[in-house]
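Residue-level structure breakdown
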Amino acid sequence: MKTSNPVLARLGQAAERERSAGYAPAGPYGQPGIPQQYPSQAGYPAAPPTVAPMTVDDVVVKTVALLGILGVTAAAAWVLVPDRFVGTAWIGAAVVGLVLGLIISFSRMANPALVIAYAVVEGVFVGMVSKAFETAYDGIVLQAAAASFGIFFLMAMLYKAKVIRATPAFVKGMIAVMAGLFAVMLINLVLALFDVNTGLRDGSPLAIGFSLVCIVVASLSFVLSFKEIEDGVRMGLPQRYSWVAAFGILVSLVWLYIEILRMLSYFQGDD
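Residues numbered from 1 in each chain as written. Predicted model: local features only at pLDDT ≥ 70, side-chain atom pairs only at ≥ 80, totals over all residues. Heavy atoms only, no water.

1. Some remarks on the packing of helix 2 (residues 56–80) against helix 8 (residues 242–267)
Between helix 2 and helix 8, the shortest axis-to-axis distance is 8 Å and the interhelical angle comes to 50°. Here helix 2 lies oblique to helix 8, going by the angle between them. As for how helix 2 packs across helix 8, the hand of that crossing is right-handed. Seen from helix 2, the contacting residues are Asp-58, Val-59, Lys-62, Thr-63, Leu-66, Leu-67 and Leu-70; seen from helix 8, they are Ser-242, Trp-243, Ala-245, Ala-246, Phe-247, Ile-249, Leu-250, Leu-253 and Val-254. Taken together, the residues that form the contact of helix 2 with helix 8 break down as 12 nonpolar, 2 polar and 2 charged. (Axes fitted to C-alpha atoms, helices over the stretch in contact; angles between N-to-C directions. Helix = DSSP H or I, 4+ residues; strand = E, 2+ residues; numbered from the N terminus. Parallel < 35°, antiparallel > 145°, perpendicular 65-115°, else oblique. Left-handed = near helix turned anticlockwise from the far one by under 90°. Contact = heavy atoms within 4.5 Å. Nonpolar A, V, L, I, M, F, W, Y, C, P; charged D, E, K, R; others polar.)

2. Considering the pattern of salt bridges
In this structure the tally under the stated criterion is 4 salt bridges. Between Glu-259 and Arg-201 there is a salt bridge, with the nearest N and O atoms lying 2.9 Å from each other. With Glu-259 in helix 8 and Arg-201 in the loop between helix 6 (168–193) and helix 7 (205–235), the pair connects residues that are 58 residues apart, well separated along the chain. Classification of Glu-259 by relative accessible area gives buried; the value is 2%. Through salt bridges with shared partners, a single network forms among Lys-227, Asp-231 and Arg-234. (Salt bridge = Lys/Arg side-chain N within 4 Å of Asp/Glu carboxyl O. Buried < 20%, exposed > 50% of the residue type's maximum accessible area, 1.4 Å probe, protein only.)

3. Notes on the packing of helix 6 against helix 7
Running from N to C, helix 6 and helix 7 cross one another at 140°; their axes reach a closest spacing of 10 Å. Considered as vectors, helix 6 and helix 7 are oriented oblique to each other. Between helix 6 and helix 7 lies a crossing whose hand is left-handed. Here Phe-170, Val-171, Met-174, Val-177, Met-178, Leu-181, Val-184 and Met-185 of helix 6 come into contact with helix 7, specifically with Phe-210, Val-213, Cys-214, Val-217, Leu-220, Ser-221, Val-223 and Leu-224. In terms of residue class, the contact of helix 6 with helix 7 is built from 15 nonpolar, 1 polar and no charged.

4. Regarding unusual backbone geometry
In the Ramachandran plot, Lys-162 falls in the positive-phi region, its phi being about 65° despite a non-glycine side chain. With respect to the helices and strands, the residue Lys-162 is situated in the loop between helix 5 (140–160) and helix 6. Look at Asp-195: it is not a glycine, yet its phi comes out positive at around 60°.

Structure representation (structure tokens):
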């Protein structure tokens with residue numbers, strides 16, 4: 001029941017405590033275990049608490065639900081937000097989404113309401129970004145969406161076929177690279193506010209190279225999510241943690257989509 005993910009390790013310990021309160025570990029394919037019987041004070045068997053373990057199907061359902069919420073919110077924002085407020089809504093949603101994402105990521109408790117709120121806020125963000133890019137480059141949104149989901153399904157197949165394995169070294173390396181990229185993007189954003197051009201987002205060869213790196217890392221981040229889901233099911237985490245697993249996939253998909261939008265725009269800039 002060991003995992004290289006420290007958060008999952010803590011959640012696994014919590015799951016052990018919850019299992020001791022009334023349910024057995026999940027089976028090898030995520031099916032619920034056989035509830036244990038505990039004697040009541042009156043001497044009769046007491047009904048175990050209704051706590052079910054997480055399964056892969058739970059994660060799939062939650063992921064589809066979050067994508068649906070994001071898609072509907074993005075479409076509503078695209079239609080309802082006036083053009084003059086696109087930039088304001090874009091920045092506001094990005095900031096709120098970042099705060100919610102950090103809270104969810106560093107919290108030890110699975111909170112479906114927070115995850116759903118994140119999907120709504122990211123829907124506004126994606127809708128505003130998509131509207132801005134589509135206005136400048138006709139058809140770019142459909143291309144980016146198709147490429148994003150195509151990469152996601154490709155990574156899922158490669159992981160299932162064990163072509164890519166989430167070894168401890170891979171996990172540590174990915175976490176370090178993603179932290180580094182996040183720091184670089186944050187610094188670049190702050191400098192851009194003061195009209196300092198670092199060349200990372202201006203369509204130059206450096207910008208194209210940076211976006212390629214981001215696309216590769218965003219694609220490989222799905223492997224971390226798949227590993228977390230696999231470990232979570234094996235460790236018998238409670239069903240509510242499927243929301244956290246779905247959140248991880250949603251974050252990677254949004255990041256990948258935005259980076260592909262940027263990349264495509266660089267090659268259509270002279271049209």
